[in-house]
Amino acid sequence: EPPPYDGPSREVVIKQRKANVNPAVHRQTYYKDPPLFVAGKGQYLFDDTGKRYLDLLGGICTVSAGHNHPKVNAAVAEQMSKISHTSNVLLHPKIAEYSEAMVKKLNPKDSGLSVV
């Protein structure tokens, strides 16, 4: 169960979205009467009334880790306490560490990556 929602109402959010979001983005919804999603856990989303939905449209991260995953949240919090973002043109250790870990997992000699 998600915690009780105490944010702006669905009607206020719709009004704000219509007034401030580019129409090309604002019109991108699958619902004539869209639910207001306010929380997620695992593969589920919850609306402002607490109704649970199976998230079949999750983004890149939620497809692999789910919503509100404790290990992902801990890793994000740890990294955000250090540095939140750098351009890819700057030198930062995390991209090198991540790339090395991925190469080890993929075993490029067996994957065909060694020819790339």
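Calculation notes
Residues numbered from 1 in each chain as written. Predicted model: local features only at pLDDT ≥ 70, side-chain atom pairs only at ≥ 80, totals over all residues. Heavy atoms only, no water. Patch = residues over 30% accessible without salt bridge, like charges linked within 9 Å, V, L, I, M, F, W, Y side chains within 5 Å. Areas by Shrake-Rupley, 256 points an atom, 1.4 Å probe, with all protein chains shown as cover. Salt bridge = Lys/Arg side-chain N within 4 Å of Asp/Glu carboxyl O. Helix = DSSP H or I, 4+ residues; strand = E, 2+ residues; numbered from the N terminus. Buried < 20%, exposed > 50% of the residue type's maximum accessible area, 1.4 Å probe, protein only. Phe/Tyr/Trp six-rings, centres within 6.5 Å; stacked < 30°, edge-to-face > 60°. Lys NZ or Arg CZ within 6 Å of the ring centre and 35° of its normal. 1 Å grid on protein atoms, 1.4 Å probe; cavity = no way out; pocket = protein on both sides within 12 Å on 5 of 7 lines; lining within 4 Å. Points joined across faces, edges and corners; volume = space filled by probe spheres on them. Nonpolar A, V, L, I, M, F, W, Y, C, P; charged D, E, K, R; others polar.

Novice: What exactly am I supposed to notice about a nonpolar patch on the surface here?
Specialist: A surface patch of nonpolar side chains, about 730 Å² in accessible area, is lined by Y30, Y31, F37, L54, L56 and L57. Position of L57 relative to the elements: it lies in the loop between β3 (52-54) and α3 (60-65). With a relative accessible area of 60%, L57 lands in the exposed category.

Novice: Before we go on, may I ask you to explain unusual backbone geometry in this structure?
Specialist: Across residues other than glycine, the phi torsion is negative in most instances, and most of the peptide bonds are trans. Positive phi is not limited to glycine here, since N68 has a value of about 60 degrees. Within the element layout of this structure, N68 appears in the loop between α3 and α4 (70-80). The exposure class assigned to N68 is partly exposed, which follows from its relative accessible area of 41%.

Novice: Is there a simple way to explain the packing of aromatic side chains in this structure?
Specialist: Two descriptors summarise a pair of aromatic rings, namely the distance from one centre to the other and the angle between the planes of the rings. Across all of its chains, the model carries one aromatic pair by this definition. Ring geometry for F37 versus Y53: centroids 5.0 Å apart, planes at 85 degrees, classification edge-to-face. With F37 in strand β1 (residues 37-41) and Y53 in strand β3, the pair connects residues that are 16 residues apart, well separated along the chain. It is R52 that lies over the ring of Y44; its NZ or CZ is 4.0 Å from the centre.

Novice: Hey, could you run me through the layout of surface pockets in this one?
Specialist: Once rolled over the atoms, a probe with the size of a water molecule shows which space is left empty. Here the second largest pocket is characterised by a volume of approximately 330 Å³. Within the residue set of the lining of the second largest pocket, elements represented by two or more residues are α4 and α5 (93-106). Here the lining of the second largest pocket gets seven residues from one element, more than from any other, and that element is α5. Residues of the lining of the second largest pocket, tallied by class, amount to five nonpolar, one polar and three charged.

Read these as geometric descriptors, not functional statements.
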